[in-house]
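Chain and residue survey
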Amino acid sequence: GNMNCYVAMLMLLERKDEETSASHEYKGEEKSWKVGHKFGFGDDSSERSDRIKEGDSLLTKEDVLFRIGLLQAKSGQYKDAIKSFQEAEDLTVLRLGTSD
């Protein structure tokens, strides 16, 4: 269900991080997953575009980890949920440069 989807998205974001690090082309842009308004994920080749359109949202690694934490907490996996929330918080602080 939702957990599998978020785990897959997290794996894709991590692979993107690894590819970006390996190519040494990373220039500080935020790592995120573009999610279409209707969750089409760009299956239609005529709709594929790197530009963000109205109605799109960006899911960062932090967002995905937070959502995984929510699902873990709902299913009673409290220790795993705390780890997911902590990792999401750590990444957010790193990205923003502050914990305020």
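These numbers come from a predicted model, not from an experiment.

Side note on the overall build of the protein chain
A tally of helices and strands in the protein chain yields three helices and two strands. The secondary structure elements of the protein chain, listed N-terminal to C-terminal, are α-β-β-α-α. Contacts spanning at least 24 positions in sequence make up 53% of the contacts within the protein chain whose residues lie at least 6 apart. Surface summary for the protein chain: the accessible area is close to 7,700 Å², and the carbon and sulfur share equals 52%.

A look at the confidence of the model for the protein chain
With 65% of its residues at a pLDDT of 70 or more, the protein chain shows a mean pLDDT of 75. In this model residues 25–29 is a low-confidence stretch, pLDDT under 50, and it forms three contacts with partners more than four residues away in sequence or in other chains. Below pLDDT 50 for its whole length, residues 36–48 participates in seven contacts with residues either more than four positions away or in separate chains.

Rules of the game
- Residues numbered from 1 in each chain as written.
- Predicted model: local features only at pLDDT ≥ 70, side-chain atom pairs only at ≥ 80, totals over all residues.
- Heavy atoms only, no water.
- Helix = DSSP H or I, 4+ residues; strand = E, 2+ residues; numbered from the N terminus.
- Contact = heavy atoms within 4.5 Å.
- Areas by Shrake-Rupley, 256 points an atom, 1.4 Å probe, with all protein chains shown as cover.
- pLDDT = per-residue confidence, 0-100.

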